[in-house]
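Reading the structure
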Amino acid sequence: MKTILICPAESSDIPRLSVEAPLAVAPVLGHCLLEYWMSHLACTGAKQVVVLANDRPDEVRKVVGNGSRWGLAVEVMAEARELAPEQAAEKYGALALVIDHLPGLAEHPLFENYERWFRALEAWMPRARTPERVGVREVSPGIWAGLHGHISREARLCAPCWLGDHVYVGPGAVIGPGAILENGAFIEPKAEIKSSVIGPSTFVGQYVQITNSLAWGSTLLNWQTGLENKVSDAFLLCSLHPQRPAPKAVALLDRVAEWLARWQEDRPLEPQPIFHATADNGSRTIAMSQKG
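This text gives an overview of the structure that appears in the document. Values in this document were obtained by computation on a predicted structure and should not be read as measured data.

Definitions and cut-offs
Residues numbered from 1 in each chain as written. Predicted model: local features only at pLDDT ≥ 70, side-chain atom pairs only at ≥ 80, totals over all residues. Heavy atoms only, no water. Salt bridge = Lys/Arg side-chain N within 4 Å of Asp/Glu carboxyl O. Helix = DSSP H or I, 4+ residues; strand = E, 2+ residues; numbered from the N terminus. Buried < 20%, exposed > 50% of the residue type's maximum accessible area, 1.4 Å probe, protein only. Arc of directions from axis to C-beta. Contact = heavy atoms within 4.5 Å. 1 Å grid on protein atoms, 1.4 Å probe; cavity = no way out; pocket = protein on both sides within 12 Å on 5 of 7 lines; lining within 4 Å. Points joined across faces, edges and corners; volume = space filled by probe spheres on them. Nonpolar A, V, L, I, M, F, W, Y, C, P; charged D, E, K, R; others polar. Phe/Tyr/Trp six-rings, centres within 6.5 Å; stacked < 30°, edge-to-face > 60°. Pairing = 2+ DSSP bridges. Axes fitted to C-alpha atoms, helices over the stretch in contact; angles between N-to-C directions.

**Topic: the pattern of salt bridges**
Note on pairing: side chains with opposite charge can pair once their charged atoms come close. Summed over the entire model, instances satisfying the criterion amount to nine salt bridges. One salt bridge connects R119 with E122, and the closest N-O pair in it is separated by 3.0 Å. Residue R119 and its partner E122 are both found in helix α4 (residues 114-124); the two are separated by three residues, about one turn of the helix. Put simply, E115, R119 and E122 are held in one network by salt bridges that share partners.

Now the structure itself:
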């Protein structure tokens, strides 16, 4: 049985999600949308899958390869534009669908706006532990964690929340409810993450509070309003894998190494100023502002 999957094109409604990668392979709870569809099709008995991609098809190929990890035969075809399902079905001779939602969650479209995207990820949490994912476990009702994480016993995890692979959460941090930490996220002590997504390898500084937002590298975006801000202070919010090395990056890596060392030593923490992420509808800006 052959199935045609149509990767969604870039969308002006959610531009931040396709900056790093095509929408079909953007991170979703440790995997990507296309990987979840491959797992779903394999479980339903599909044998052959043709993936149509008009946005960076080479990156799509890197993710799915030839499909062998799912027991599928997968071919990625480059298209000049996103085809309608009827056009794709006629061209390739099989049922076609646009993967603009997660499997079984058609009522939660991903790419209409940032809020619909966040609600879809929330709804997917209980389903994200697909058969081929080794090591993902539900450590407590509504709290899922991946492999090789360092979660302090003094951190507070509030369901629902998702902690990906290689995540660090420091003492006194509050994660959830509604928090998603993608793979490699680093949350310093006393930080608070609620109703938000922290992107892959994103550093959140000590005492920073993030609510109703997407924090990805140094970008902070409010998923309710779509307002976006670039945070200039790397000790508050930044990527742990910056494209261009900066002098401050060395000091930040030293700080990360220090927290990892303290993980073993349980040394007391020095008090620091408190910062929080806010969305100011009056000024139409999102900012990192110092709290009293």
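**A short note on helix α2 (residues 57-64)**
Listed in full, the buried residues belonging to α2 are P57, V60 and V64. Seen end-on, α2 carries its buried residues on one side only, within an arc spanning 55 degrees. Opposite the buried face of α2, at more than 90 degrees from it, the exposed residues are D58 and K62. Buried-residue contacts for α2 involve α1 (33-43), β4 (48-53) and β5 (73-78). Just past α2, the residue G65 takes up positive phi, approximately 55 degrees.

**Topic: empty space enclosed by the protein**
Left-over empty space is what a probe sized like a water molecule reveals as it rolls over the atoms. Following the criterion strictly, the structure yields one cavity of 30 Å³ or more and no others. Taken as a whole, the largest cavity spans an internal volume of roughly 70 Å³. Along its surface, the largest cavity is lined by L17, L23, A26, P27, V28, L33, L110, F111, W117 and W216. Here the lining of the largest cavity is built from residues that sort into ten nonpolar, no polar and no charged.

**Some words on the packing of aromatic side chains**
Scanning all chains against the criterion turns up four aromatic pairs. Between Y36 and W124 the ring centres are 5.1 Å apart and the planes differ by 70 degrees, which places this aromatic pair in the edge-to-face class. In this pair, Y36 is assigned in helix α1 and W124 in helix α4, connecting sequence segments 88 residues apart. The burial state of Y36 is the same as that of W124; both residues are buried.

**Section: the sheet that holds strand β15 (residues 186-187)**
Strand order in the open sheet formed by five strands is β9-β12-β15-β18-β23, with mixed pairing between adjacent strands. At either end of the open sheet lies a strand with only one pairing partner, and these are β9 (150-151) and β23 (237-239). Where β15 meets strand β18 (residues 202-204), two bridges bridge the pair, whose relative direction is parallel. Bridged to I187 within β18 is V204.

**Quick word on the sheet that holds β5**
What holds strands together in a sheet is hydrogen bonding between their backbones, with the strands either parallel or antiparallel. Spatially, β5-β4-β1-β6 is the arrangement adopted by the four strands of the open sheet, whose pairing is parallel. Either end of the sheet is taken by a strand with one partner, and the two such strands are β5 and β6 (96-98). With direction set aside, neighbouring strand axes in the sheet form an average angle of 20 degrees. Note that strand β1 (residues 2-6) and β6 share three bridges and pair parallel. Bridge pairing in β6 links L5 to L97. Of the strands in this sheet, β1, β4, β5 and β6 are in contact with α1, which crosses β1 at around 165 degrees. Contacting β4 and β5, α2 runs over the sheet at an angle of about 170 degrees to β5.

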